[in-house]
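Single-letter residue listing:
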Amino acid sequence: MFGLANPDRFARFTRPLVPVLWAAALVLLLTGTWFAFTAPEDYQQGDAMRIMFVHVPAASVGLMIYGALGVSSFFALVFRHPLADAAARASALPGAAYTLLALVTGSIWGKPMWGTWWEWGDARLMSELILLLFYIGYMALRASIDDEAKAARAAAVLGLVGLINLPIVKFSVDWWNTLHQPASLIRADGPSVAEGMLVPLLLMMAAYLIFFLAVWITAIRTEIVRRRVLSIRARKALEA
Amino acid sequence: MVLDLDMGKYAAYVWPAWGISAVVLATLAARALLAARRWSAELKRLENDNDRPQAAQGALGQEADRPQAAQSALGQEK
């Protein structure tokens, strides 16, 4: 585990992994989509229920990605490890994209089901919006500081602070009385999703997760290469 | 197992939700893959530049080891 923290070893180890991840993500996305549109209509929501297959995976994986960003930030801050910082940095954009998708698809789903696109008083909606703002703040902070080492440290602090929001997003539906329904997959009495919908939902969850891993590892590898390019350029500038 | 693409009265909600998701995921993938390709190309270009001035490397003494060490580590990349 810690052996992989060496950027060279990480690059070598993940090289054969990357195409496999991309291929697996594509296959899962296609099969998940197929099952999503062959699943029987919901007896209450009709075809609108099919929005669930793109909404729930984006929301739950988007939340997990922030966990990855927070933990990477911790390792970057405490152990000053460059790979941890690269991992945190590389997770911000896909995390923001997933969270944005969760908000947009949720809003589109909310209109026919709740009669409204958005509800300011809803704890799940608000905490999810705050999650998006943490992602955007993280990227903006990094972009606004020229000194990369300083930017990394400041962003890592922000990344860590944002972890506080994670349990709030997750448990908002239990702690407050929200318009948003409570968790239906991970619960003590087993999933409460009808069987026909469970298969496409799980496939799409796996697809979104593997897709993120493909984007993430590709981006971490790019970050390693980018830093080498920068250091070679800096050395050349010194030699010249 | 019949493919049901008739979303009835919810078509105006289901298709945009799926469409936006597809566009965002495709953009993420394209961005990641293009950036990977661009930075590897740039690294290769810099390394090729390094290969040429042999005399300069020797003159730098200790410095001569470093580009080579970096190259061997990077050589396995791609």
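Throughout what follows, the structure given in this document is the object of discussion.

**Examining the overall build of chain A**
- Helix and strand counts for chain A stand at eight helices and zero strands.
- When the helices and strands of chain A are placed in sequence order, the string is α-α-α-α-α-α-α-α.
- Looking at chain A as a whole, 42% of its 240 residues are labelled buried.
- In chain A, the share of contacts with a sequence separation of at least 24, taken over all contacts with a separation of at least 6, comes to 76%.

**Side note on the environment of Pro-19 of chain A**
- Mapped onto the elements, Pro-19 of chain A comes out in helix H2 (residues 17-36).
- Residues Pro-19 of chain A and Val-56 of chain A, spaced 37 residues apart in sequence, show a C-alpha to C-alpha distance of 26 Å.

**A look at the interface of chain A and chain B**
- In this complex, chain A contributes 32 residues to the contact, which on the side of chain B involves 33 residues.
- Those elements that place two or more of their residues in the side of chain A that touches chain B are helix H1 (7-14), helix H3 (52-78), helix H4 (82-114) and helix H8 (195-239) of chain A.
- Examining the composition of the side of chain A that touches chain B, we find that 11 residues originate from one element, H8 of chain A, more than from any other.
- In the side of chain A that touches chain B, the residues fall into 19 nonpolar, five polar and eight charged.

**Observations regarding the packing of helix H5 (residues 123-144) of chain A against helix H6 (residues 148-162) of chain A**
All names here are of chain A.
- Running from N to C, H5 and H6 cross one another at 170°; their axes reach a closest spacing of 9 Å. It follows from the interaxial angle that H5 and H6 lie roughly antiparallel. Where H5 abuts H6, its residues Phe-134, Gly-137, Tyr-138, Leu-141 and Arg-142 lie against Ala-151, Ala-154, Ala-155, Leu-158, Gly-159 and Gly-162.
- When its residues are assigned to classes, the contact of H5 with H6 shows seven nonpolar, three polar and one charged.

**A word on the environment of Leu-4 of chain A**
Residue and element names in this part refer to chain A.
- With respect to the element layout, Leu-4 can be found in the segment before H1.
- What makes Leu-4 exposed here is the crowd of 12 C-beta atoms within 10 Å.
- Considering only alpha carbons, one finds Leu-4 and Ala-151, 147 residues apart in sequence, at a separation of 24 Å.

About the criteria used
Residues numbered from 1 in each chain as written. Chains lettered and ligands numbered in written order. Predicted model: local features only at pLDDT ≥ 70, side-chain atom pairs only at ≥ 80, totals over all residues. Helix = DSSP H or I, 4+ residues; strand = E, 2+ residues; numbered from the N terminus. Buried ≥ 20, exposed ≤ 12 C-beta atoms within 10 Å, placed from the backbone. Contact = placed C-beta atoms within 7 Å. Nonpolar A, V, L, I, M, F, W, Y, C, P; charged D, E, K, R; others polar. Axes fitted to C-alpha atoms, helices over the stretch in contact; angles between N-to-C directions. Parallel < 35°, antiparallel > 145°, perpendicular 65-115°, else oblique.

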